[in-house]
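# Observations on chain architecture
In case you want the letters, here they are:
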Amino acid sequence: MKLQAALIALFSASAEGFMSPIVSPSTTSLHSTAVEARPKKQTQYANRFEKIKAGYKGPQIKIEQAVEDEVGFSYASFADAVAATDYAFNRNDIVKGTVVQYDKGGCIVDIGAKASAYLPLQEATLFQEQGQSIEGIIDIDEERQFEIISEEDENGQLLVSIRRIQYREAWDKVIAKQDSDEVFEAECVSVNRGGAIFLVEGLRAFLPGSHLTGRLPDDDLVGQTLPLKFLEVNQEDNKLVVSNRRAVVEEQMAELSRGDVIDGIVKALKPYGAFVEVGGMSGLLHISQISMDRITDLEQVLQPGQKIKCMIIDHDKVNGRIALSTKTLEPEPGDMIKDPARVYEMADETARVYLEKQEAERKKREASAKDIVLGLGDALDDLSVGIEGGESNDAASDNLDSLLN
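Described in the following lines is the structure provided in the data block. Chains are numbered independently. Their residues run from 1 in the order of the written sequence. Local features are withheld for residues below a pLDDT of 70 in this predicted model, meaning they are given only at 70 or higher, and side-chain atom pairs are given and counted only at 80 or more; totals for whole chains, interfaces and linings count all residues. Side-chain metrics in this entry use all non-hydrogen atoms of the structure; hydrogen atoms and water are not considered.

This next bit is on unusual backbone geometry. Positive phi, close to 80 degrees, is recorded for Asn92, a residue that is not glycine. Only DSSP runs of H or I with at least four residues qualify as helices, and only runs of E with at least two residues qualify as strands; both kinds are numbered from the N terminus onward. As for its position among the elements, Asn92 is in the loop between helix H5 (75-84) and strand E1 (94-103). Even without glycine at this site, Asn238 takes up a positive phi of about 55 degrees. With respect to the helices, strands and loops of the structure, Asn238 is situated in the loop between strand E9 (225-234) and strand E10 (239-243). For every residue, the accessible area obtained with a 1.4 Å probe (protein chains only) is divided by the maximum for its type, and the residue is called buried under 20%, exposed over 50%, and partly exposed between those limits. A relative accessible area of 47% means that Asn238 is categorised as partly exposed.

This paragraph deals with the sheet that holds strand E11 (residues 261-270). When DSSP finds two or more bridges between two strands, those strands count as paired. Read around the closed barrel, 5 strands run E11-E12-E13-E15-E14, paired in mixed fashion. Strand after strand, the sheet turns through a mean of 50 degrees between neighbouring axes, direction not considered. In terms of strand pairing, E11 meets strand E14 (residues 307-316) through 5 bridges, oriented antiparallel. Residue pairing across strands places Gly264 opposite Ile308, the latter belonging to E14. Whenever a helix is involved, its axis is fitted only over the stretch in contact; in every case the axis is a line through C-alpha atoms, and angles between N-to-C directions fall within 0 to 180 degrees.

On to helix H6 (residues 163-180). Multiplying 1.5 Å by the residue count of a helix minus one yields the expected span of that helix. Over its 18 residues, H6 runs 26 Å from end to end, which matches the ideal 26 Å to within 8%, given 1.5 Å per residue. Taken together, the buried positions of H6 are occupied by Ile165, Ala170, Trp171, Val174 and Lys177. After H6 finishes, the residue Asp181 shows a positive phi value of roughly 55 degrees.

This brings us to the sheet that holds strand E5 (residues 160-161). Across the sheet, which stays open at both edges, the 5 strands sit in the order E3-E2-E1-E4-E5 with antiparallel pairing between neighbours. A strand with exactly one partner marks an edge of an open sheet, and here the two such strands are strand E3 (117-119) and E5. What makes two residues a contact is simply this: any of their non-hydrogen atoms within 4.5 Å. Packing of H6 onto the sheet brings it into contact with E1, strand E4 (143-148) and E5, and relative to E4 it is tilted by some 95 degrees.

So, about the packing of aromatic side chains. Centres within 6.5 Å are what make two rings of Phe, Tyr or Trp a pair, Trp counting through its six-membered ring; a difference in plane orientation under 30 degrees is then read as stacked, over 60 as edge-to-face, and the rest as tilted. This model, assessed by the stated rule, comprises 3 aromatic pairs. Ring geometry for Tyr272 versus Phe275: centroids 6.2 Å apart, planes at 90 degrees, classification edge-to-face. A residue is classified by how much of its surface remains accessible, and Tyr272, at 39% relative accessible area, is partly exposed. Relative accessible area serves as the criterion here: at 26%, Phe275 is assigned to the partly exposed category.

By convention a nonpolar core is built from buried Ala, Val, Leu, Ile, Met, Phe, Trp, Tyr and Cys residues, the set being connected through side-chain atoms within 4.5 Å. If you look at the biggest cluster of nonpolar residues, it comprises 27 residues, and the most contacted ones within it are Ile290, Leu302 and Leu324. Where this core is concerned, the elements lending two or more residues are helix H7 (244-253), E11, strand E12 (273-278), strand E13 (281-286), E14, strand E15 (321-325), helix H9 (340-345) and helix H10 (347-388). With 4 residues, E14 is the largest single contributor of residues to this core. If we skip the residues at most four places from it in the chain, Leu302 touches Val266, Leu269, Ala274, Leu285, Ile290, Ile308, Met336 and Tyr344. Counting residues in hydrophobic clusters, the runner-up holds 21 residues, among them Phe198, Leu221, Leu228 and Leu240.

By themselves, these observations are geometric and do not establish any function.
This is the structure we're talking about:
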């Protein structure tokens, strides 16, 4: 009987060893709450690259010492070289880069940073034609200078620009042109009510309509190349003003001289005379220089659009002004009123005779002036001799007065 009771007790103890202990609901709840209340520590990374780097658990390759000795390089020396390399890229730095691919309207540029840089379309060139794509501006594998224009984003990427480098270079060239005051050529890209826009070294320059020679600023001007000179250069205000008239006038003024007979077209009539276009320049034909006879009605002699021949009697090369005359071309006084066709037909011959006459009169005046100077010198010599010989001061004074009178 005692043996049977002992066996039953042993069996019961063994069964309890295989059963999981019963935990009260209250104890489980307290344990769960304690676990959930414990905060999770999160590591902050500077960018996505650093986060990936921290989580990398790639294979570790064991390189034998003999191999490292043979190649003269090891993983440890490579790590030291990487640590010693400066990867600092700052805003406004100029770096060399290579275009590797087009992306999202711009392109990806390898500048040697942790991540490739991005060149937006609007920063790809100084002047961009309407509808132009990045493929038409820069080529894949093209190597050139880029300017960093941003800080790193969350992916470690930088924004770069070509336009800002070109902008500074363009202003340097423009200022050099202004200093030399040279004539240059530029293409018209658009027109407006006040004038036209020309592209000068990639910068937009304004040409006022009043400084466009021989035509109006219309749509036909777009795409044409004209000679220009600067009127105003202001880098601080990003302002360029150019003149076509100044460039044309200075070129033609160098070839013109007083006495030249030239063709012109009457552009406008005023009470004091007529404005005549001469080779793109505007010259004044004063009413007193039209004819030897008196003119009572200018419109009876000249009309706008009429072609005439005239002589240059004066010019101001600095300001581009020309004074003209047809009176000097008249074979007979009043011919410009009576028979202007005869005046134009005989203009060259009449001008030759007029200039010869003017030259003869000039030489005559010079000779007369020379005689006066020589006579004055002889009289003064006689006067000094008389004074030395004892003549009275009154006599000397009378001789001088008679010479001057």
